[in-house]
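# Architecture at a glance
In case you want the letters, here they are:
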Amino acid sequence: MHPLTELIRQDMRPALGVTEPGAIAFAAATARRHTRGAVQKVRLRLNSGMYKNAFTCGIPGSSEVGNAHAAALGALAADPDKGLECLDGITADQAARARALVAGGHVEVALAGVTSRIFIEAEVTTDAGCACVTIRDAHTNIVRITEDGRTVFEQAQPAPGGGAEEGEGEPPLIHRYTLAQLRDYALAVPAEELAFIRDAFEMNMALCRAGLASPRTTFARYLLAENGGQLFSQDEQATASLLCNAAIEARVLGLPEPAMSITGSGAHGIIATLPLYAAYKVSGYAEETLLRAAALSYLVCMYIKEYSGKLSAFCGCAIAAGAGMACGLVLLRGGDAAAMGRTLNNLASSITGMICDGGNQGCAMKGVVAVDAAWRAVAMAMQNVYIDSVHGINGPTPEQTMRNMGRIASPGMVGTEQTILDILKEKTAREGE
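Since the model is a prediction, treat every value here as computed from it, not as a measurement.

Criteria and cut-off values
- Residues numbered from 1 in each chain as written.
- Predicted model: local features only at pLDDT ≥ 70, side-chain atom pairs only at ≥ 80, totals over all residues.
- Heavy atoms only, no water.
- pLDDT = per-residue confidence, 0-100.
- Contact = heavy atoms within 4.5 Å.
- Axes fitted to C-alpha atoms, helices over the stretch in contact; angles between N-to-C directions.
- Helix = DSSP H or I, 4+ residues; strand = E, 2+ residues; numbered from the N terminus.
- Parallel < 35°, antiparallel > 145°, perpendicular 65-115°, else oblique.
- Nonpolar A, V, L, I, M, F, W, Y, C, P; charged D, E, K, R; others polar.

Here the chain averages 94 in pLDDT, and 96% of its residues register 70 or above. Scored below 50 in pLDDT, residues 159-167 shows 17 contacts in the model against residues more than four places distant or in partner chains.

Here it is as structure tokens:
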């Protein structure tokens, strides 16, 4: 198996609801497993991206939102063996107990620092003791577990793939390739190696349909009407926006269907795949070509995310996954690596800098923008209409352009991240008055 195929296989993961509440619940549930007795208190420390992304995010199995409720559900009811799907099967009684724990002031949430590097520390105290779980760099990557202050598990080495802030050691695998080489891989890899990507289309389409069926969604119904009331119309772009953003809205509302994530994000996985699936269905591309386009889409997304960090102040869904999806669309349309480079220039000079203010319905609006920008960027690039490399943050090569896009997030938008956090804290303070 090609190393890039294995990279994609390792990174693709089902996630129920937005990834950050799932990761918080997973951490708390794992800590709970390492102690006995009735839960009395949960303490949570989070990096800024984790804190922000789960701030008002819907949680599967609950009508509540946010960090504290995710932690409470994790400590009281989640199954850590299910990883990011640990909140699957939450009952109404369990949700009520979690609400009571939060309402009683027994869940504390603190910010551990402004950084794009994932960090979760969940401590669960019971009437018989306490346990603490620390996660770093990836949403389920446990690096330390303590029981009553005694370390019972610790990683010998830090996890790889810490993103832009690592700055040392060998470059990540994805950065050893040029865009042209990624395209060559996507076109030449044996088709059977990519068959597993079908799971992403199936899972994300099920989530899309759940969004369309739910009375809670609004963007999904609007986009359905805009697409003539059809799931698949003759309009590629309108269909792409519908499929993509019905799924994203379903996810941020916490509907009980998983998304297939990439780079630790369900919304990234949705944007990287469903617009391409729409083009495949509307325009009749071969399924093999679709799988190859999706593989390229994933890899370009990974390329940018390794520079930006997994959680940052910019919307990686629209920017990184959107750039990947746009390159995949060029591949579907028979474009070459040069056309992909022109497409990246168009996107880098337009939507880079879009903020991430957490997992919420705004993600669907950002997804609408990402699809619209990608379709425009590709159409123009394939007609040789593009923003020249001498301008703005565009680089002399596609690789440098992608690096620059990532650098805008980290370290570029650290101050923006702090401002977003300040605004969220002000909102919390006002609500508590």
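What follows deals with the packing of helix α7 (residues 198-213) against helix α9 (residues 236-252). Axis separation between α7 and α9 bottoms out at 7 Å; the angle between their running directions is 75°. It follows from the interaxial angle that α7 and α9 lie roughly perpendicular. Across from N204, M205, L207, C208, G211 and L212 in α7, the residues of α9 making contact are L242, L243, A246, A247, A250 and R251. When its residues are assigned to classes, the contact of α7 with α9 shows nine nonpolar, two polar and one charged.

What follows concerns the packing of α7 against helix α11 (residues 287-308). Contact pair α7 / α11: the axes reach a minimum separation of 10 Å and the direction vectors enclose 85°. It follows from the interaxial angle that α7 and α11 lie roughly perpendicular. Facing R198, A200 and F201 of α7, the residues of α11 in contact are E287, L290, L291, A294 and Y298. Split by residue class, the contact of α7 with α11 holds six nonpolar, no polar and two charged.

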